[in-house]
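Given next are the chains, with one letter for each unit.
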Amino acid sequence: MDSSNRRYVEATALIVGWAGLFTALYLTAGGPLSWDELLYMETSWNLKEVPWILNRYAHIYFQSIFMHMVGDPIEGAKVYWSFLISSSILGTYLCARRMAVHYPILTGLIAVALFFHLRLPFRYSGTPYADFCLMFFGIWSAAFFLMGSEREGRWRRVLFILLGLFLFLSIKSKEHGMVFFALLLGLGRVENTFTWEAFKHDLVFVLIGGLSGVLLLVVADTVALGNPLYSLWPGNVESVLDYNVGSFQERSPDSWLGILTTQTLAIPFTLYLMAPFVGSMEGWKRRIVWSVPILFVLFLTATLVFIRYRVSDRQVIAMLPLLCVGGSLFFQSFLRNPESNRWFVLSALPAFLIVLFRIPERVAATGGWTPFPLESAVIYPGGALLLVTLAALLRDRANKGEVLLIGIVFWMALLPGVRANLSNLYHDTAGEKSRERFLPFEEFRNQISLQGEPRCLVSPHIHDELGMLGRSSESCSMMFDLYFKTDTNPDQFTYELPSDQTPMSCDFDGVFLTEEDLARIDLSDCNYTIFKAKERGLIFLKNPSP
């Protein structure tokens, strides 16, 4: 097969693979779980000005497109999340392929395998955090940089315009996007030769892309908000800084490094750190792209000093694709000829059979181990250390048997994480948690009034004791809007029960309570109709004449 036909077959396989993955992720996607994405989802559905989240509006508008295209905010968010994940995985493959010196297709597939091994992205299935949007813009910025650096003429200009556009959108999705601007240090190089003339030429087209992003945002502000200067107004920018800049009274001893060295992140992070010592890292562009995750961790560390952030695992989501790309380069010194390539691929079969038949788990069960502790305490750290040891001992001289051993250790370490992710998606773990939060709306949807501006009272015990609905009138309003596709005001929701001595007000159109609440509240003056849920002790009081 000649090179042109090979590229056609590969492109077709990538398109079909992306479409299949996107569909599978959508069918298994969960839903919103916490305050942040409820706020962003509600802002995307009922587009409005919220200045203190101004630095998220590329994410807000991008998400809004999917929501209104689908016609449902919750289903639209699932489609959006599935698009971001599947497209980021495609970008991961392309970046690893461009970074590889030996066997680029296999290197790309290794990077994808590392991504599927990670539990962190799939733990938040269907949860459209801004971190996923930043991940998408970040990995594709790297892809455009790598592809543009390899070309000249018209395609180089187009790709660098896209680079500028995606860099701008990344920083307007979350401030962490400024780390990806480090890619600009790789401009001006043609075949590894730097010239100022080429740098200025490349930078001009990156700036054109950035200005296109500014114009795009002005158009979006005009269409969605009727305010073309919303994103540029100094007072709005100041509100973002006022909200984010500051310090907590108490600081956590946790660190980003601690997150990166635990559970399924340990192996990609270890391979990433070792790649420059055992892989092929020739060329300035490879060093630039490889350095981005390190810069990202340093930036997150700096935010602990100057910005009101706490250590949270989802903050590292945006750098995971490039972490997998860097980790895939670890194997370059072992994949330098067709024989080693073949034996590394074949090593996946025995590793798969060993994991499929749970041989390590059956052996370890005699010592009292169960699967999750065994993976967390033994397989992940043991696999990472064994890989590094083998790399140190066998670099540049591994024979086919040793390459087979390296491959088996690698695939065995990854497969439990892949299996856990498939299980979580199949059993819809995140979706069950999300639906549980909305359960009162589901149970009483036929009794809840949506006419005019309904006023509701929500017992705090529903959230505090049952983990349902919101933790405040604001979050209850957001959940109501997303579930019923409305646009309510937090003032329509009262999040406080009357005292035992105070009769219930008759002014509410609906009241959400627990059975214990109902037993304590005086309803003597009200003519509410009482509805009881089939389970979980939920009560809804409907005012027949609001």
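Here, every reference points to the structure presented above.
In every chain, residue numbers begin from 1 and rise along the written sequence. Only residues with pLDDT of at least 70 are given local features in this predicted model, and only at 80 or more are side-chain atom pairs given and counted; all residues enter the totals for whole chains, interfaces and linings. Only hydrogens and water are set aside; all other atoms, that is, all heavy atoms of the structure, feed into the side-chain values.

Visitor: Explain the side chain of Gln-63 to me, and be specific about the residues and the numbers.
Guide: Counting from the N terminus, the helices are DSSP H or I runs at least four residues long and the strands are E runs at least two residues long. Mapped onto the elements of the fold, Gln-63 is located in helix H3 (residues 57–70). Polar contacts, as counted here, are pairs of nitrogen or oxygen atoms within 3.5 Å of one another; within protein the pair requires one atom able to donate a hydrogen and one able to accept it, and residues that are adjacent in sequence qualify only if both atoms are side-chain atoms. For Gln-63, the side chain forms a polar contact with the main-chain oxygen of Tyr-40, separated by 3.3 Å. Contacts: residue pairs with any heavy atoms within 4.5 Å of one another. Not counting residues within four places of it along the chain, the set of residues in contact with Gln-63 comprises Tyr-40, Met-41, Ser-44, Tyr-80 and Pro-128.

Visitor: Pulling in residues and values, what's your account of empty space enclosed by the protein?
Guide: Definitions used for this entry: grid spacing 1 Å over protein atoms alone; cavity, a set of points where a 1.4 Å probe fits but cannot get out; pocket, an open set with protein on both sides within 12 Å along at least 5 of 7 lines; lining residue, one with an atom within 4 Å of a point. Grid points are joined across faces, edges and corners, and a volume is the space filled by probe spheres set on the points. Under the counting rule described, the total for this entry stands at one cavity of 30 Å³ or more. Its boundaries defined by the atoms lining it, the largest cavity holds a volume of some 60 Å³. In this structure, the largest cavity is lined by Val-355, Arg-358, Pro-360, Glu-361, Ile-379, Met-412, Pro-416 and Arg-419. Those elements that place two or more of their residues in the lining of the largest cavity are helix H17 (359–365) and helix H19 (400–426). The element contributing the most residues to the lining of the largest cavity is H19, with three residues. Only Asp, Glu, Lys and Arg are considered charged, only Ala, Val, Leu, Ile, Met, Phe, Trp, Tyr, Cys and Pro nonpolar, and every remaining residue, Gly among them, polar. Broken down by class, the residue content of the lining of the largest cavity amounts to five nonpolar, no polar and three charged.

Visitor: Quick rundown of the state of the cysteines? Include the residues and the values.
Guide: Here, a disulfide means two cysteine sulfur atoms that sit within 2.5 Å of each other. Counted by the stated rule, this structure contains one disulfide. What pairs with Cys-506 in a disulfide is Cys-526, and their sulfur atoms sit 2.2 Å apart. One quick way to see it: the torsion about the S-S bond of Cys-506 and Cys-526 is about -100°, and its sign makes the bridge left-handed. Placement of the pair is Cys-506 in the loop between strand E4 (493–494) and strand E5 (510–514) and Cys-526 in the loop between helix H24 (515–520) and strand E6 (529–532), with a sequence separation of 20 residues. The buried category is assigned to Cys-526, whose relative accessible area is 14%. Throughout, exposure labels follow a simple rule: accessible area from a 1.4 Å probe, protein chains only, divided by the maximum for the residue type, with under 20% read as buried, over 50% as exposed, and the rest as partly exposed.

Visitor: Describe unusual backbone geometry, with residues and values.
Guide: Although it is not a glycine, Tyr-103 adopts a positive phi angle of roughly 50°. One non-glycine residue, Asp-428, lies in positive phi territory at about 55°. Structurally, Asp-428 can be placed in the loop between H19 and helix H20 (429–437). Owing to a relative accessible area of 16%, Asp-428 belongs among the buried residues under this scheme.

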